[in-house]
Amino acid sequence: MNILTIVVEAMKFIFPAYCANATPVLAGGGTAMDFGKKFADGERVFGKNKTFRGFFFGLAIGAIVGTAEFFLFGYPILFAVLSPLGALLGDLAGAFIKRRLRIAPGGLLPVIDQIDFVIGALLFSLPLLMITWQVAIATLLITPPIHLLTNFVAFKLKLKKNPW
C-alpha cells in the first residue's frame, strides 16, 4: 500500500470519530456528565464542558456518518457505533486525566488533547479487524495537525474559547 492510499484509508476510517468529537462544540451544553461531582482529589470528574447533550449529539452524528460509510465503503455496520462511541469515551478519559493534573476545562494538554479520541476510536474498532497497523499509525500521525487546524478555525468562528 502506498502512502497516499494509507492516508486516504486513515481519513475514511477516522471520519466518524472526527465528527463525533467535533459535534459537542456545536451542540453541547446542558447537564454535565459528572453532575458537578468531584473525584477523590477534590477536582471535578470530567469538568463542565463534558455534557450529556454534547455526548449524545456527538454519538448520533458519528453514527450517521458511520452508517454512510457502511453504504459507501462496505464498513461493518457495528463500526457506525463503535468508532464514535470510542472517540467520545476517549475524549472523556482525556478530560479525566486533565482534571487529575489540575488542568482547567478547555486548558491545553498537548498530545492528549489531539489523540485521546483517536485512541478510543481505534480501541473500540479493533475487534472489527478492519484496518491495518499502517492505517492506525497514519491515523495517529495525521490527526494532531488536523485537530489543531479545526480547533483554530472553531476559535476564529467563536465556537471555542481557546485556539486548541
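Below or above, wherever it landed, is the structure these notes cover. (Residues numbered from 1 in each chain as written. Predicted model: local features only at pLDDT ≥ 70, side-chain atom pairs only at ≥ 80, totals over all residues. Heavy atoms only, no water.)

This paragraph deals with the overall build of the protein chain. From N to C terminus, the protein chain includes five helices and zero strands. With respect to the three principal axes, the spread of C-alpha positions in the protein chain is 50 × 30 × 25 Å. The proportion of buried residues among the 164 residues of the protein chain is 40%. Residue pairs in contact within the protein chain that sit at least 24 positions apart in sequence constitute 67% of those at least 6 positions apart. Of the roughly 8900 Å² of accessible surface on the protein chain, a fraction of 75% belongs to carbon and sulfur atoms. Measuring between centres, the 15 positive side-chain charges of the protein chain sit 9 Å from its 8 negative side-chain charges. (Helix = DSSP H or I, 4+ residues; strand = E, 2+ residues; numbered from the N terminus. Buried < 20%, exposed > 50% of the residue type's maximum accessible area, 1.4 Å probe, protein only. Contact = heavy atoms within 4.5 Å. Areas by Shrake-Rupley, 256 points an atom, 1.4 Å probe, with all protein chains shown as cover. Lys, Arg positive; Asp, Glu negative; His and termini not counted. Charge placed at Lys NZ, Arg CZ, Asp CG, Glu CD.)

A few words on the environment of alanine 68. By the element assignment, alanine 68 lies in helix α2 (residues 52-73). We classify alanine 68 as partly exposed; its relative accessible area is 35%. For the pair formed by alanine 68 and alanine 80, sequence separation is 12 residues and the distance between their alpha carbons is 8.4 Å.

Residue position: phenylalanine 155 is located in helix α5 (residues 133-156). Apart from the residues within four sequence positions on either side, phenylalanine 155 is in contact with Lys160, Lys161, Asn162 and Pro163.

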